[in-house]
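# Structure assessment
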Amino acid sequence: MSAVTAARPAPPVLQLTDVGWSVGGAVILDDVSLEVREGEFLAFIGPNGAGKTSLFNLVSGLNPVSRGSIALDGADITRLAPHARARRGLGRTFQTSSLWPGMTVADHVRLAAQAAQGGSFQLWRRARPFTAEVTATLERTGLTGRAEALAGSLSHGEKRKLELAVLLVGDPRVMLLDEPMAGVSAEEVPALTELIRSLHRDEGRTVMMVEHHMDVLLGLADRLAVMHHGTLLALDVPDTVMADETVQLAYLGEEL
Ligand SMILES: Nc1ncnc2c1ncn2[C@@H]1O[C@H](COP(=O)(O)OP(=O)(O)OP(=O)(O)O)[C@@H](O)[C@H]1O
């Protein structure tokens, strides 16, 4: 490999250019520009209300941008609907649980697999064995032993794993994870962290993750993006961001 090739950074998989979002005259996000590289783990931090979830909503297409543009693999996706972005490999989880409490773990994964293949929902065929994909997804997320449990009976950590399982059947290349550790007990954090690490390191998925647990992020993130009052305050490797005085000021009164 030549020195020139070795030094070349991975191409950007996602590009945000001057992205802004306003609601009812209030500017929630302003002028956010950033690039996420192929295979990168980019973590988003920032005080409450800084605009992290709002930014994920724009990237996933849940809300339309007011200004600027978003590109995936170099193609403009600014006006694409969420399902069209998902088909191009962009998937997300939500800060609050998106599960049906009265439905089993296996049926969540089975439905998601059918939806990803564009098929109709066939829950009445419950007697049939799981497809290889459902079995593999349950195994991969550590949920095999809980396949017939109702989602409502799961611990917070298991619920987060199931949300990841539902996301994974769509095989996203770029995953947006919004506070996956929220509500999860301290005992369950390490296993969930390892699962997310393996989706990134072993499977090469690009990850953007909002998280308040800095100890979790520092073991996972290649770079940290700091949001503050709807703007991107800093974006760099963790050590540089943590030492940044402007970042420390933004967190004044809160633990970084
Ligand atoms: N649909 C909406 N209409 C009006 N204001 C909104 C809407 N969604 C978010 N906001 C406001 O935008 C700001 C940013 O919210 P957002 O949830 O993106 O912050 P966050 O950084 O994710 O916060 P947290 O860490 O607490 O989850 C907040 O002031 C919030 O009240």
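Below or above, wherever it landed, is the structure these notes cover.

Rules used throughout
Per chain, residue numbering runs from 1 following the sequence as it is written. Restriction of local features to residues with pLDDT of at least 70 applies here, the model being predicted, together with a cutoff of 80 or more for giving and counting side-chain atom pairs; totals for whole chains, interfaces and linings are based on all residues. Values reported for side chains reflect all heavy atoms of the structure, with hydrogen atoms and water molecules removed beforehand. Secondary structure elements follow DSSP: runs of H or I no shorter than four residues count as helices, runs of E no shorter than two count as strands, and numbering proceeds from the N terminus. The cut-offs for exposure are 20% and 50% of the maximum accessible area for each residue type, with area from a 1.4 Å probe on protein chains only; residues under the lower value are buried, those over the upper are exposed, and the others partly exposed. Whether two residues are in contact is decided by their heavy atoms, any of which lying within 4.5 Å being enough. Each accessible area value is a Shrake-Rupley result obtained with a 1.4 Å probe; residue values ignore everything except the protein chains displayed when judging cover. Whenever a helix is involved, its axis is fitted only over the stretch in contact; in every case the axis is a line through C-alpha atoms, and angles between N-to-C directions fall within 0 to 180 degrees. Any angle between 65 and 115 degrees counts as roughly perpendicular, while under 35 counts as roughly parallel, over 145 as roughly antiparallel, and the rest as oblique. Crossings are classed by handedness, with left-handed meaning an anticlockwise turn of the near helix from the far one by less than a right angle and right-handed meaning a clockwise turn. Residues are grouped as follows: Ala, Val, Leu, Ile, Met, Phe, Trp, Tyr, Cys and Pro are nonpolar; Asp, Glu, Lys and Arg are charged; all remaining types, including Gly, are polar. Residues are labelled near a given molecule or strand when at least one of their non-hydrogen atoms is within 4 Å of it. Two N or O atoms form a polar contact when they lie within 3.5 Å of each other; inside protein one atom must be a possible hydrogen donor and the other a possible acceptor, and for residues adjacent in sequence the pair counts only when both atoms belong to side chains. Strands are labelled as partners when DSSP assigns at least two bridges between them. Whenever a carboxyl oxygen of Asp or Glu lies within 4 Å of a side-chain nitrogen of Lys or Arg, that contact is scored as a salt bridge.

What follows covers the overall build of the chain. Of the regular secondary structure elements, the chain holds 10 helices and 10 strands. Residues classed as buried in the chain amount to 46% of the 256 residues present. If you take every contact in the chain between residues at least 6 apart in sequence, the share linking residues at least 24 apart comes to 65%. By element, 54% of the accessible surface of the chain is carried by carbon and sulfur atoms, the whole surface being about 12300 Å².

Moving on, we get to the packing of helix 6 (residues 156-168) against helix 7 (residues 189-201). Their axes nearest at 10 Å, the elements helix 6 and helix 7 cross at an angle of 15°. Taken together, the axis directions place helix 6 and helix 7 in an arrangement best described as roughly parallel. The two elements helix 6 and helix 7 meet at a crossing, and its hand is left-handed. Here Gly157, Arg160, Lys161, Leu164 and Leu168 of helix 6 lie close against helix 7, whose contacting residues are Ala191, Leu192, Leu195, Ile196 and Leu199. Taken together, the residues of the contact of helix 6 with helix 7 break down into seven nonpolar, one polar and two charged.

All right, on to the site of the ligand then. Around the ligand lies a shell of 14 residues, among which Gly49, Gly51, Lys52, Thr53 and Ser54 are the nearest. Between the ligand and the protein, one listed contact pairs an oxygen atom with a backbone N or O atom of Ala50 at 3.1 Å. A distance of 3.0 Å separates an oxygen atom of the ligand from a polar side-chain atom of His212. The protein chains hide 59% of the 640 Å² of surface that the ligand would expose on its own. The element contributing the most residues to the shell around the ligand is helix 2 (residues 52-60), with three residues. When its residues are assigned to classes, the shell around the ligand shows five nonpolar, seven polar and two charged.

Bringing the sheet that holds strand 8 (residues 206-210) into the picture now. Here six strands make up an open sheet; going across it, the order is 6-7-8-3-9-10 and the pairing mixed. The sheet terminates laterally at strand 6 (90-92) and strand 10 (231-236), the two strands that pair on one side only. Sheet twist, expressed as the mean angle between neighbouring strand axes with direction ignored, is 15°. Sheet topology places strand 3 (residues 41-45) next to strand 8; four bridges connect them, and they run parallel. Bridge pairing links Ala43 to Met209 in strand 8.

All right, on to the pattern of salt bridges then. Under the defined criterion, the tally for this structure stands at 10 salt bridges. Of the charged contacts, one joins Asp107 and Arg110 as a salt bridge, the two residues approaching to 3.1 Å between their closest N and O atoms. Taken together, the residues span about one helical turn, with Asp107 and Arg110 both in helix 4 (residues 105-116) at a distance of three residues. Judged by its relative accessible area of 1%, Asp107 is buried. Residue classification places Arg110 among the buried positions, given a relative accessible area of 9%. For Arg140, the salt bridge goes to Glu203, with nearest N and O atoms at 2.8 Å.

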